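# Analysis of the macromolecular model
As a plain string of letters, each chain reads:
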Amino acid sequence: MRGERLDRLLARLGLGSRKEVGRLVRSGRVRVEGQVVLDPGFHVPERAGLEVEGRPLATRRHLHLLLHKPAGYVTSRKEGPSVYALLQGFPTRDLSPVGRLDKDAEGLLLFTTHGELLHRLTHPRHKVEKRYLVRLLHPATEADARAFQEGIFLDGERTLPARLRLGEDPIWVELTLLEGRFHQVKRMFRARGNRVLYLKRLGLGPLTLGDLPPGGVRPLTPEEEGALYLAVGLAP
Ligand code: URA
């Protein structure tokens, strides 16, 4: 086994883009098993100890990226413009999106290399909250809120209880779902005779967009990662 390229490994661990970590390596600030390595293409043996600027690096096995998806991008590798184009500099090969956002939708889109985490975040059994900001064609009503709380039938199956928050202007609402069925938000409002004109995902479980600008991408912080694992009952 040749091991993983040093620049790929460092980028996967969230130290920066391939270009940035390449610079870091060439500047002599990275050691493998105590030896300075200047070649970003160096193949790191499995379980080798890494140090960056004198500090040992925990070789986390997984990368989780938070993207602020702008409208106009497709959550697909095959169709364009693809959200993967926004992840430039990160090793995208093993990254999968946690659920999808429609082309015209924007907001929080998480990518992960962790298959079990992906499964748990998307499976309704774990009831991870997905929070959306929605602008509607017609004002939402308390009757909509009650109907969503009770669940409505999509494809013959009742949706899990969803929380609809009406603000001062009931054209703008916040909807919290515990599952992520195909076009779920749009179809729920359509079932109530309404239409979604704008859709933004604000949060996923403990994650929020914070001040990440549209098109921005960053690895999760260790705190966010811990909270996410906790939310779905995974050991960190
Ligand atoms: N529900 C939708 O209808 N579209 C999305 O992109 C996400 C949730």
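Along each chain, residue indices are assigned from 1 in the same order as the chain's sequence is written. Predicted model: local features are reported for residues with pLDDT of at least 70 only, side-chain atom pairs are reported and counted for 80 or more only, and whole-chain, interface and lining totals are derived from all residues. No hydrogens and no water enter the side-chain calculation; it runs on all heavy atoms of the structure.

Turning to the overall build of the protein chain, a few remarks are in order. Strands are runs of DSSP state E lasting at least two residues, helices are runs of H or I lasting at least four, and both sets are numbered from the N terminus onward. Scanning the protein chain from N- to C-terminus turns up 6 helices and 17 strands. Its C-alpha atoms give the protein chain principal-axis dimensions of roughly 65 × 35 × 30 Å. The 236 residues of the protein chain split such that 46% are buried. In what follows, residue pairs with any heavy atoms lying within 4.5 Å of each other are defined as contacts. Once local pairs closer than 6 in sequence are excluded, the contacts in the protein chain between residues at least 24 apart make up 64%. Only the protein chains shown count as cover for residues, and the accessible areas themselves come from Shrake-Rupley with a 1.4 Å probe. Only carbon and sulfur atoms are counted for the fraction: they give 50% of the accessible area of the protein chain, which is about 12,500 Å². Here the term buried applies to any residue with accessible area under 20% of the maximum for its type, exposed to any over 50%, and partly exposed to those in between, with areas from a 1.4 Å probe on protein chains only.

Moving on: the layout of surface pockets. To locate leftover empty space, one rolls a probe as large as a water molecule over the atoms. Estimates place the volume of the largest pocket at around 460 Å³. At the level of secondary structure, the elements contributing two or more residues to the lining of the largest pocket comprise strand E10 (130–136), helix H5 (184–191) and strand E15 (196–204). Broken down by element, the residue count for the lining of the largest pocket peaks at 3 residues, all from H5. For this classification, the nonpolar set comprises Ala, Val, Leu, Ile, Met, Phe, Trp, Tyr, Cys and Pro, the charged set comprises Asp, Glu, Lys and Arg, and every other residue, Gly included, is treated as polar. Split into classes, the residues belonging to the lining of the largest pocket amount to 10 nonpolar, 6 polar and 8 charged. Think of a 1 Å grid over just the protein atoms. A cavity is a set of points where a 1.4 Å probe fits yet cannot get out, a pocket is an open set with protein on both sides within 12 Å along at least five of seven lines, and lining residues have an atom within 4 Å of a point. Grid points are joined across faces, edges and corners, and a volume is the space filled by probe spheres set on the points.

Below, the discussion takes up the environment of Asp-104. If you trace the backbone, Asp-104 turns up in the loop between strand E8 (96–97) and strand E9 (106–112). Expressed as a C-alpha distance, the spacing of Asp-104 and Val-217, which sit 113 residues apart in the sequence, is 19 Å. Apart from the residues lying within four places of it in its own chain, the contact partners of Asp-104 are Ala-71 and Lys-186. Polar contacts, as counted here, are pairs of nitrogen or oxygen atoms within 3.5 Å of one another; within protein the pair requires one atom able to donate a hydrogen and one able to accept it, and residues that are adjacent in sequence qualify only if both atoms are side-chain atoms. For Asp-104, the side chain forms a polar contact with the side chain of Lys-186, separated by 2.8 Å.

In this section: the site of the ligand. In the vicinity of the ligand, the residues found are Leu-101, Asp-102, Ala-105, Tyr-132, His-183, Gln-184, Val-185, Lys-186 and Leu-199. In the model, an oxygen atom of the ligand is placed 2.7 Å from a nitrogen or oxygen of the Asp-102 main chain. Taking Val-185, its main chain carries an N or O atom lying 3.1 Å from a nitrogen atom of the ligand. For the ligand, whose unbound accessible area comes to 240 Å², protein coverage reaches 96%. Any residue with a heavy atom positioned within 4 Å of a molecule or strand is treated as near that molecule or strand.

This part is about the packing of aromatic side chains. Two aromatic rings from Phe, Tyr or Trp, using only the six-membered ring of Trp, form a pair when their centres are within 6.5 Å; if the ring planes differ by under 30 degrees the pair is stacked, by over 60 it is edge-to-face, and anything between is tilted. Under the criterion given, the structure shown has 3 aromatic pairs. Considering the side-chain rings of Tyr-84 and Phe-111, the 5.4 Å spacing of their centres and the 70° angle between planes classify their relative orientation as edge-to-face. Of this pair, Tyr-84 sits in the loop between strand E7 (64–69) and E8 while Phe-111 sits in strand E9, and the two are 27 residues apart along the sequence. Both residues of the pair, Tyr-84 and Phe-111, count as buried. Seen in terms of ring centroids, Phe-148 and Phe-189 are 5.1 Å apart; in terms of plane orientation they differ by 80°. Their pairing is edge-to-face. Taken together, the positions of Phe-148 in helix H4 (residues 142–150) and Phe-189 in helix H5 put the pair 41 residues apart, joining distant regions of the chain. Given a relative accessible area of 0%, Phe-148 falls into the buried group. In this structure Phe-189 comes out as buried when scored by relative accessible area, which is 0%. In this analysis the charged atom, NZ for Lys or CZ for Arg, is taken to sit over a ring once it is within 6 Å of the ring centre and within 35 degrees of the ring normal. The lysine or arginine in question, Arg-77, covers the ring of Tyr-84, its NZ or CZ lying 4.0 Å from the ring centre.

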